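Structural characterization, general
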Amino acid sequence: MKTHNMLGSLVATAALVLIGGCSEGPAPKAEAAATGADDLVHMDLTVSKAYNAAMEKAGLDEGQRNMVQAMAHQQAVGVICAGFTIDKARFEDEMNVIYYDDKGKMLEIDSEALHLRERQVMMGFGMMFGAQLAIAASDEQAFCEHANVERNAGDAKHLILEPRKPS
């Protein structure tokens, strides 16, 4: 379905737009040190609460919401951390899950409802992507170290980061 590729293109474009707005580089060390772990947890929980409410309203089930959240996190890793590259085809495939119900059956909704769902998902993706960029800015080294642990764990169900290239 052409709509699937359209969403992938929309998501990729939105990610690039968001990235472009964040081109000032990492936060100064003094500012980064002022943000404690409790603040980051609070930030993540606050954004997650708003995100889940919006995505539930959009009709996404918990698995779909978690997948979009994971895609936003991994896009942030691809932008912030050296040595990480996003597999664009896998990203598009994973994001296509929003077109299916929890049984894996293609949604039977009209084009207006489909476009509304896509816009809502894009908003949610942007919320989570922005939150991940903010969290990364507080301690870029720790963020990227954690991303490296994730990549090497090999058990991430929706991992869209390309495997590490052999040294």
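Residues numbered from 1 in each chain as written. Predicted model: local features only at pLDDT ≥ 70, side-chain atom pairs only at ≥ 80, totals over all residues. Heavy atoms only, no water.

Quick word on the packing of helix 4 (residues 62-80) against helix 5 (residues 88-95)
- One can describe the packing of helix 4 onto helix 5 by two numbers: an axis separation of 10 Å at closest approach and a directional angle of 155°. As far as their axial angle goes, helix 5 and helix 4 are roughly antiparallel. The chirality of how helix 4 crosses helix 5 is left-handed. Side by side, helix 4 and helix 5 meet where Met67, Val68, Met71 and Gln75 of the first sit next to Phe91, Glu94 and Met95 of the second. (Axes fitted to C-alpha atoms, helices over the stretch in contact; angles between N-to-C directions. Helix = DSSP H or I, 4+ residues; strand = E, 2+ residues; numbered from the N terminus. Parallel < 35°, antiparallel > 145°, perpendicular 65-115°, else oblique. Left-handed = near helix turned anticlockwise from the far one by under 90°. Contact = heavy atoms within 4.5 Å.)

A closer look at the state of the cysteines
- On inspection of all chains with the given rule, the structure shows 1 disulfide.
- Note on cysteine connectivity: Cys81 is disulfide-linked to Cys144, with sulfurs 2.1 Å apart. Its S-S torsion of approximately -90° makes the covalent link between Cys81 and Cys144 left-handed. Remark: Cys144 occurs in helix 7 (residues 140-153) and Cys81 occurs in the loop between helix 4 and helix 5; sequence separation between them is 63 residues.
- Given the relative accessible area of 4%, Cys81 is considered buried.
- Owing to a relative accessible area of 16%, Cys144 belongs among the buried residues under this scheme. (Disulfide = S-S within 2.5 Å. Buried < 20%, exposed > 50% of the residue type's maximum accessible area, 1.4 Å probe, protein only.)

Regarding the packing of aromatic side chains
- One pass over the structure, following the stated rule, counts 2 aromatic pairs.
- Between Phe91 and Phe125, the ring centres sit 6.0 Å apart and the planes meet at 65°, which makes this aromatic pair edge-to-face. Of the two residues, Phe91 sits in helix 5 while Phe125 sits in helix 6 (residues 111-138), which places them 34 residues apart along the sequence. For the pair Phe91 and Phe125, a shared accessibility class is recorded, and that class is buried.
- For the ring pair Phe125 and Phe129, a centre distance of 6.1 Å and an interplane angle of 5° mean the geometry is stacked. With a gap of 4 residues between them, Phe125 and Phe129 both fall in helix 6, about one helical turn apart. The burial state of Phe125 is the same as that of Phe129; both residues are buried.
- Cluster of aromatic residues (ring-pair linked, three or more members): Phe91, Phe125 and Phe129.
- Against the face of Phe84 rests Arg151, its NZ or CZ located 3.7 Å from the ring centre. (Phe/Tyr/Trp six-rings, centres within 6.5 Å; stacked < 30°, edge-to-face > 60°. Lys NZ or Arg CZ within 6 Å of the ring centre and 35° of its normal.)

The analysis is restricted to geometry; functional conclusions fall outside its scope.
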